[in-house]
Amino acid sequence: MYIIQFIRGFCMALADSVPGVSGGTVAFLLGFYDQFIDSIDDLITGNMEKKKTAFFFLIKLGIGWVTGMVLAILILANVFESHIYAISSLFIGFIIFAIPIVVREELDTLKGKYAYCPFVLVGAAIVCAITYFNPVGGGNSVNLEHLTVTTGIYVFIAGAVAICAMVLPGISGSTLLLIMGLYLPIVTAIKDILHLNLKSFPTVFVFGCGVLVGIFSIVKLIRKALERFRAQMIFLIVGLMLGSIYAVIMGPTTLDTPQPAMTIHNFSILFFIIGGVVIFGLQQMKKIKNKHLRAV
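What counts, and where the lines are drawn
Residues numbered from 1 in each chain as written. Predicted model: local features only at pLDDT ≥ 70, side-chain atom pairs only at ≥ 80, totals over all residues. Heavy atoms only, no water. Helix = DSSP H or I, 4+ residues; strand = E, 2+ residues; numbered from the N terminus. Buried < 20%, exposed > 50% of the residue type's maximum accessible area, 1.4 Å probe, protein only. Lys, Arg positive; Asp, Glu negative; His and termini not counted. Salt bridge = Lys/Arg side-chain N within 4 Å of Asp/Glu carboxyl O. Contact = heavy atoms within 4.5 Å. pLDDT = per-residue confidence, 0-100. Expected span 1.5 Å × (residues − 1). Phe/Tyr/Trp six-rings, centres within 6.5 Å; stacked < 30°, edge-to-face > 60°.

**Overview of the side chain of Asp 192**
Mapped onto the elements, Asp 192 comes out in helix α10 (residues 183-194). With no salt bridge to any partner, buried Asp 192 finds its closest opposite charge in Lys 199, at an N-O distance of 4.6 Å. Excluding its chain neighbours within four sequence positions, the residues that come into contact with Asp 192 are Asn 197, Lys 199 and Ser 200.

In C-alpha cells:
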C-alpha cells in the first residue's frame, strides 16, 4: 500500500508548511503516529531488522512529504494566501472529525483513567498560549542575507525547536518559526535552493542540521512517554489537537499580508465537510490495509 504512505506524507507536509497544525497532528489523526515515532527511533537505535523495516516505511512516507513540501513552497503558497479560509475550514474538518476516531481507538487506554482529564486542558492551553503570542503577519523577520555565527546558532536552535513541534501533535513548527521571525526567511531560503540559487545553501544546511539534532533528541523521549504514560499522553495530545483549532482560526492573521481571523461568516462548510470525508476515506483505506495484512 505505497499510495497510503505517500498520501500520509503528503498531508503531513501540507500541515507542516503553513502556520497552524503540525504534521504530527496529521499523523495522529490518520492513525499512524506510533508507527511514525517508532520507525524514527528504530532507524537510530534498532537492530538491523528494525532499521530495515523503519527505513522502507520512512522512505515511502518521506517521498510523499517531500512532494507535498515542494509543491507547498513552489505552488500552493499562493493558494493558501488566496483561499486561506477554505483551507482553514478543511483543517478544522480534519481535527473535528478525527478526534472521536482517536478517542475511540484509544478507548481501552483511557478507560478508568479519567483522573488524567486535566491533561486535555494543559494541552489546549499550551497551543492557545503559543498562538496568542504569535506575531501578526510576516514582519519582524530575521535578516539571513549574511549568516554570522550568532545568527547561525539561532537558525540551528530554531530548526531543532521547529522539528520538535512538527513531530508533536498540536502546534505547527511553522508557527514557532513565525514567532522566532524565521518563517519567511527559511521558506525563502528553501525556495532559492529549489530554484538552484545556492547563495542560501549555508542557511538551509545549518537549519537542516538543527532539524536532525532536534528530531533525534525528541523522538526517544516521546516514545518512552507513550510507553510509560500513554493515558496522560493521549489526553495531552487530544488537548493539543483541540487547541490547534484556535491556531487554525487565528491562522489568517499570520500571513505575510495579514487577514482577519476566521469567523462564522468566512467559514466554509463545504471544505469542513470535505475534511471529514478525507478523514473517513483515509480511515477506510487504513481498514482495508489492516484487513489485507490479516489475510496475508
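**Regarding the confidence of the model for the protein chain**
Residues shown with low pLDDT carry predicted positions that ought not to be read at fine detail. On average, residues of the protein chain score 83 in pLDDT, and 90% of them reach the 70 mark or higher. Ranking the helices and strands of the protein chain by mean pLDDT puts helix α6 (residues 107-110) first, with 90, and helix α9 (residues 173-179) last, with 75.

**A look at helix α3 (residues 33-45)**
The first and last C-alpha atoms of α3 sit 18 Å apart over 13 residues, in line with the 18 Å expected at 1.5 Å per residue. Restricting attention to buried positions, one finds in α3 the residues Tyr 33, Phe 36, Ile 37, Ser 39, Ile 40, Asp 41 and Asp 42.

**Quick word on the packing of aromatic side chains**
Under the defined criterion, the tally for this structure stands at seven aromatic pairs. Ring geometry for Phe 6 against Phe 10: centres 6.2 Å apart, planes inclined by 25°, an arrangement best described as stacked. Taken as a pair, Phe 6 and Phe 10 lie in helix α1 (residues 2-17) at a separation of four residues, close to a single helical turn. Among the aromatic residues, ring-to-ring pairing joins Phe 97, Phe 267 and Phe 272 into one connected group.

**Observations concerning the environment of Val 219**
Mapped onto the elements, Val 219 comes out in helix α11 (residues 201-228). A relative accessible area of 0% means that Val 219 is categorised as buried. Residues Val 219 and Leu 168, 51 residues apart in the sequence, show an inter-C-alpha distance of 9.2 Å. Filtering out sequence-adjacent residues up to four positions away, Val 219 remains in contact with Ile 37, Ile 40 and Asp 41.

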